[in-house]
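Below are the chains, spelled out letter by letter.
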Amino acid sequence: MNKKNILIIGDIISFAILTVIGFATHGETDTSYLPRLAAVFLPMVVGWFILIPWMGLFDEQIIANPKNLWRIILVMLFLAPLAATVRAAILGAAMLPLFPLILGSSNAIGMVVWRWLYIFIARRVAK
């Protein structure tokens, strides 16, 4: 499996885990919440894969350097408000102004951790 495919799978799994954790913090873990979960997860994933190529987050030279993890935060500044707005439209509900901030910051932290682990493991394997 090439590195780009590992990153794609890892990114999707990370978003899934982060979304489930977000719902669990509100006590929403049964299957009746799956449509609402999808309304958050899908816009995040689609938006992520549209935006990250522009930030070079699949470029081997960029992703190999932990100093470039700030790019994830920049992507989230654009992605979180977009995904929150799409979610509100899908659900036909109002969006609380705090939601994009929480969505973006929690996902930025989670994605930075995942991508940092990827860099750490990739360096260990390369040795």
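Residues numbered from 1 in each chain as written. Predicted model: local features only at pLDDT ≥ 70, side-chain atom pairs only at ≥ 80, totals over all residues. Heavy atoms only, no water.

Okay, helix α2 (residues 34–51) next. Owing to its 3.6 residues per turn, the α-helix aligns residues three or four sequence positions apart on the same side. The first and last C-alpha atoms of α2 sit 25 Å apart over 18 residues, in line with the 26 Å expected at 1.5 Å per residue. Buried within α2 we find Leu-37, Ala-39, Val-40, Phe-41, Pro-43, Met-44, Val-45, Gly-47, Trp-48 and Leu-51. (Helix = DSSP H or I, 4+ residues; strand = E, 2+ residues; numbered from the N terminus. Expected span 1.5 Å × (residues − 1). Buried < 20%, exposed > 50% of the residue type's maximum accessible area, 1.4 Å probe, protein only.)

With that settled, the discussion passes to empty space enclosed by the protein. Evaluated as defined, the whole model comprises 1 cavity of 30 Å³ or more. Looking at the largest cavity, its volume works out to about 60 Å³. Lining the largest cavity are Leu-57, Ile-62, Ile-63, Asn-65, Asn-68, Leu-69, Ile-72, Arg-115 and Ile-119. For the lining of the largest cavity, the elements supplying multiple residues, two or more each, are α3 (60–63) and α5 (98–126). Residue composition of the lining of the largest cavity, grouped by class: 6 nonpolar, 2 polar and 1 charged. (1 Å grid on protein atoms, 1.4 Å probe; cavity = no way out; pocket = protein on both sides within 12 Å on 5 of 7 lines; lining within 4 Å. Points joined across faces, edges and corners; volume = space filled by probe spheres on them. Nonpolar A, V, L, I, M, F, W, Y, C, P; charged D, E, K, R; others polar.)

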